[in-house]
Amino acid sequence: MADGALVITGKKEQIKNPNYEAGSSDWKKNREYAEYTSSSIVSSYRFRYGTMEVRAKIPTAMGAWPAIWTTGTSDDSWCWEWPLGGEIDLLEYYLVGGVPSIHANACWASNTRWSGTWDSYNRPLSEFVDKDSEWANKYHIWRMDWDEKSIRLYLDDELLNEIEMSKTTNGGGGLDDWWRGSWRNPFTDPGNDGENFGQQIFLNLALGGNGGTPDVSKFPLEYHIDYVRVYQKAE
């Protein structure tokens, strides 16, 4: 914490992998050392419908891949595997064709296991910076309004993407199992009895990958989150 905000910090530092196994085919085990460290914050809280609002200041240096997103999960980990549980990206920031871009997306299951159907939107960061040269040094508000008809994703009150619930029904997800989410709509379906199904919140700073080759001269990278709020109508 710093100045009342959560700070997720990406660092260039070598850390030994406690699960290292020489020759393993598992990417979590086959590297003896990590060359970078960062964090992913995952809520135990789940929700369905309402308004979610996050005030944050994101790092934009090469290699940064900050995100504010949710995915559907339940008390029964056997059910609703990704992307059958759906995914909502209030924010992702990474490169598109080498251009740093702001993303606002949603995803649900196709007929292939671990392969999503996407409703994606992205806009170059330069369009925001051209209007305000200090954009990257300021806090901004990412918001989702979610009801039975649509998911609407906003940045500083500007609508970036609207996803209609009539289009977000899962395919078979490679499982062909209704209990596990096949052919159901993860954004309108209440889930199975007693499993507490809903969207879980993630705040994370990935490094490299879609974010590009890290510019080590800019490290450490800091991702500041002032607040996360979810509003729902009283029943």
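## Some words on the overall build of the chain
So, point 1. Per the secondary structure count, the chain includes one helix and 14 strands.
So, point 2. For the chain, whose C-alpha radius of gyration is 19 Å, the value lies close to the compact-globule estimate of 18 Å for 235 residues.
So, point 3. Partitioning the intrachain contacts of the chain with sequence separation of at least 6 by distance along the chain shows that 66% fall at a separation of at least 24.
So, point 4. Within the structure as shown, the chain displays about 12,000 Å² of accessible surface, and the carbon and sulfur contribution to it stands at 48%.
So, point 5. Positive and negative side-chain charges in the chain, numbering 23 and 35 respectively, have mean positions lying 2 Å apart.

## Brief notes about the sheet that holds strand β14 (residues 221-231)
Sheet strands pair by backbone hydrogen bonding; their relative direction is either parallel or antiparallel.
So, point 1. With antiparallel pairing, the seven strands of this open sheet are ordered in space as β2-β1-β14-β4-β10-β11-β12. Two strands close off the open sheet at either side, each with one partner strand: β2 (33-37) and β12 (158-164). Averaged over all adjacent pairs, the angle separating strand axes in this sheet is 20°, with direction ignored.

## Some points on the pairing of strand β7 (residues 99-109)
So, point 1. With nine of its 11 residues buried, β7 lies for the most part within the structure.
So, point 2. Pairing analysis gives eight bridges linking strand β6 (residues 87-96) to β7, with the strands arranged antiparallel. If you follow L95 over to β7, its bridge partner there is P100.
So, point 3. The hairpin formed by β6 and β7 contains two residues between the paired strands, and G97 there has a positive phi angle of roughly 60°.
So, point 4. Taken together, β7 and the strand that follows it, strand β8 (residues 116-119), pair antiparallel across an intervening segment of six residues, in which W114 is found at a positive phi of about 60°.

## A short note on the side chain of Q200
So, point 1. Considering the arrangement of structural elements, one finds Q200 in strand β13 (residues 198-207).
So, point 2. Discounting residues that sit within four places of it in the chain, Q200 has contacts with V42, S43, S44, Y45, R46, W69, T70, T71 and T73.

## Describing unusual backbone geometry
So, point 1. Cis geometry marks the peptide bond from W82 to P83, where omega comes out at 0°.
So, point 2. Counting through the fold element by element, P83 comes out in the loop between β5 (64-73) and β6.
So, point 3. Between F219 and the following residue, P220, the backbone shows a cis peptide bond with an omega angle of 0°.
So, point 4. Within the element layout of this structure, P220 appears in the loop between β13 and β14.
So, point 5. A positive phi angle is found at D3, which is not glycine, with a value near 55°.

## Section: the packing of aromatic side chains
So, point 1. The full count for this structure, using the stated rule, is nine aromatic pairs.
So, point 2. Judged by centre distance (4.2 Å) and plane angle (20°), the ring pair of W69 and F202 falls under stacked. Residue W69 is located in strand β5, and its partner F202 is located in strand β13; the two are separated by 133 residues in the primary sequence. Pair check on accessibility: W69 and F202 agree, each one buried.
So, point 3. Members of the aromatic cluster, connected to one another through ring pairs, are Y45, F47, Y49, W146 and F187.

## Concerning the nonpolar core
General note: in soluble globular proteins, nonpolar side chains tend to be found buried as a group.
So, point 1. I68, I102, W142, M144, I151 and Y223 are the most contacted members of the largest nonpolar core, which has 38 residues in total.
So, point 2. In this structure, W142 is in contact with M52, E53, V54, A56, I58, I68, L90, L91, W135, Y154 and L155, ignoring residues within four places of it in sequence.

So, how was this worked out
- Throughout, a residue's number is its position along its own chain's written sequence, starting from 1.
- Local features in a predicted model are, by the rule used here, given only for residues with pLDDT of at least 70; side-chain atom pairs are given and counted only at 80 or more, and totals for whole chains, interfaces and linings are based on all residues.
- By convention in this description, side-chain values take in all heavy atoms of the structure and omit both hydrogens and water.
- Secondary structure elements follow DSSP: runs of H or I no shorter than four residues count as helices, runs of E no shorter than two count as strands, and numbering proceeds from the N terminus.
- The globule rule is 2.2 Å times the number of residues to the power 0.38, and the radius of gyration it is compared with is taken over C-alpha atoms.
- What makes two residues a contact is simply this: any of their non-hydrogen atoms within 4.5 Å.
- With residues, only the protein chains shown are counted as cover, and all accessible areas are computed by Shrake-Rupley using a 1.4 Å probe.
- This count recognises Lys and Arg as positive and Asp and Glu as negative, with His and chain-terminal groups excluded.
- Where a charge sits is defined by one atom per residue type, namely NZ (Lys), CZ (Arg), CG (Asp) or CD (Glu).
- Pairing between strands is defined by DSSP: at least two bridges between the two strands are required.
- A fitted line through C-alpha atoms serves as each axis, taken over the contacting stretch for helices, and the angle formed by two N-to-C directions is quoted from 0 to 180°.
- Here's how the labels work: a residue is buried when its accessible area is under 20% of the maximum for its type, exposed when over 50%, partly exposed in between, all with a 1.4 Å probe on protein chains only.
- Only centres within 6.5 Å qualify two rings of Phe, Tyr or Trp (six-membered ring in Trp) as a pair; their planes then separate them into stacked at under 30 degrees, edge-to-face at over 60, and tilted for everything else.
- Among buried residues, those of type Ala, Val, Leu, Ile, Met, Phe, Trp, Tyr and Cys that are joined through side-chain atoms within 4.5 Å constitute a nonpolar core.

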